[in-house]
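Structural overview for review
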Protein chains: 2
Amino acid sequence: MTRDEIAGLLERRRLSVTAQRLEIAELVLEKPQHLSADQILAGMRARGSRVSKATVYNTMKAFSEHGIVRTVEVDPQRQYYDSTSAPHHHFYNVDTGELIDIPPEAVELDVKTGLPARTEPAGVDVVIRVRGVGS
Amino acid sequence: MTRDEIAGLLERRRLSVTAQRLEIAELVLEKPQHLSADQILAGMRARGSRVSKATVYNTMKAFSEHGIVRTVEVDPQRQYYDSTSAPHHHFYNVDTGELIDIPPEAVELDVKTGLPARTEPAGVDVVIRVRGVGS
DNA sequence: TTCTATGCAAAGACTTTGCATGCTG
DNA sequence: CAGCATGCAAAGTCTTTGCATAGAA
């Protein structure tokens, strides 16, 4: 994804385009991945971009609120940001902490219960926990 | 659930039987529910039992490691302990934070993808997020 | 120029830990 | 009586916030 494409993405959501947001997006959206705030911060440092921790949190919060990324709750210790914002599911390796995407077509789900009264659907998350050394 | 039944439950798992554990279990296992550590602490206070926060955390950790309760990760801010340890799923109201059980029979799940290499299944969690005032 | 983003450090929420004391087995 | 559980406070993580400065529109 080029800088211009990312800039357009931000503009479409009325998010102001800043150097930090461009660089964070570049890093995060580079490929399908699951990153914690600290990993993003480390990645920024590694590529020579200086950003504060607060900006990483603020930016990722804005990105997730605007559908650019998704958050994944599996680890009680920290939040993960998922660069794939389209609906999909996950394998979660409880031993290694590794998260692996499952394409939505690979999961067939049939819920035979109505939604709670006066609520509307907001999304479905399937997490398949696995144990082992992983690949 | 009587005190004796709970005591037997603890003994079977080789957990030593203490007054605090009996009372926490009595409170938590009273009915199907989802409680945070703070809610458990408040519940203990309300019933006139004095326990420290550390003991609540230690006890619930022991209980979850021994299959007496389950933990639910949906709220990035805190962990919930689910008094229903048998497999089941959840509705999660993102507006109110409310968690509602879904019996396992009500969910039919077919995953057409193999597990990651060298891993074995450890459980499946389906979380259906809903929005609204709730019932 | 006006409003929002950034950076830093401080504050906050939740959870864990260290250690002395008490209770279980 | 040996060993684990408890309580308290302190320490630790992750995340948010306050405020002054810098940058976007």
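Sequence positions are assigned chain by chain, starting from 1 and proceeding in written order. Naming scheme: in the order in which they are written, chains are lettered from A and ligands are numbered from 1. The model is predicted, so local features are restricted to residues of pLDDT at least 70 and side-chain atom pairs to those at 80 or more, both for listing and for counting; the totals for chains, interfaces and linings are taken over all residues. Heavy atoms from the whole structure form the basis of all side-chain values; hydrogens and water molecules are not counted.

1. Things to note about the sheet that holds strand β2 (residues 70-72) of chain B
Residues and elements named next belong to chain B. Convention followed: Following DSSP output, two strands are said to pair if at least two bridges run between them. Put simply, DSSP marks the helices as runs of H or I at least four residues long and the strands as runs of E at least two long, and each gets a number from the N terminus on. Axis lines are fitted to C-alpha atoms, over the contacting stretch for helices. Their N-to-C directions set the angle, which ranges from 0 to 180 degrees. Only heavy atoms matter for contacts: two residues are in contact if any of them lie within 4.5 Å across the pair.
Ordered in space as β1-β3-β2, the three strands form an open sheet in which the pairing is antiparallel. Only two strands of the sheet have a single neighbouring strand rather than two, namely β1 (34-36) and β2. For this sheet, the mean inter-axis angle between neighbouring strands, taken without regard to orientation, is 40 degrees. Sheet analysis places β2 next to strand β3 (residues 80-82), joined by three bridges and oriented antiparallel. For V72, the partnering residue across the bridge sits in β3 and is Y80. Packing against the sheet, helix α3 (residues 37-46) makes contact with β1 and β3, and its axis sits at approximately 90 degrees to β1.

2. Quick look at the relation of the copies chain B and chain A
Heads up, the rule is: Alignment of the copies relies on least squares applied to C-alpha atoms, considering only residues that score at least 70 for pLDDT in both.
Expressed as a screw transformation, the operator carrying chain B onto chain A has a rotation angle of 180 degrees and an axial translation of 0.0 Å, and the superposed copies differ by an RMSD of 0.0 Å. Viewed as a symmetry operation, the transformation between the two copies matches a two-fold axis. When you check the interface residues of chain B against chain A, 100% turn up at the interface there too, and the contact is symmetric in its surfaces.

3. Here we look at the protein's contact with DNA strand C
To be explicit about the condition: Near, as used in this document, describes a residue that has one of its heavy atoms within 4 Å of the molecule or strand being considered. Polar contact criterion, stated in full: a pair of N or O atoms within 3.5 Å, where within protein one must be able to donate a hydrogen and the other to accept it, and residues adjacent in sequence count only if both atoms are side-chain atoms.
Lining the immediate surroundings of DNA strand C are 21 residues, of which A:T18, A:R21, A:T55, B:Y57 and B:R78 lie closest. Protein-proximal atoms of DNA strand C, defined as those within 4 Å of the protein, fall in sugar or phosphate at a share of 87%. In this structure, A:R50 approaches DNA strand C through a main-chain N or O atom, which is 3.4 Å from a phosphate oxygen. Contact between DNA strand C and A:S52: a phosphate oxygen at 3.0 Å from a main-chain N or O atom of the residue. Elements represented by at least two residues in the surface near DNA strand C include exactly α2 (19-28) and α4 (53-65) of chain A together with α3 and α4 (53-65) of chain B. No other element matches the four residues that α4(B) contributes to the surface near DNA strand C.

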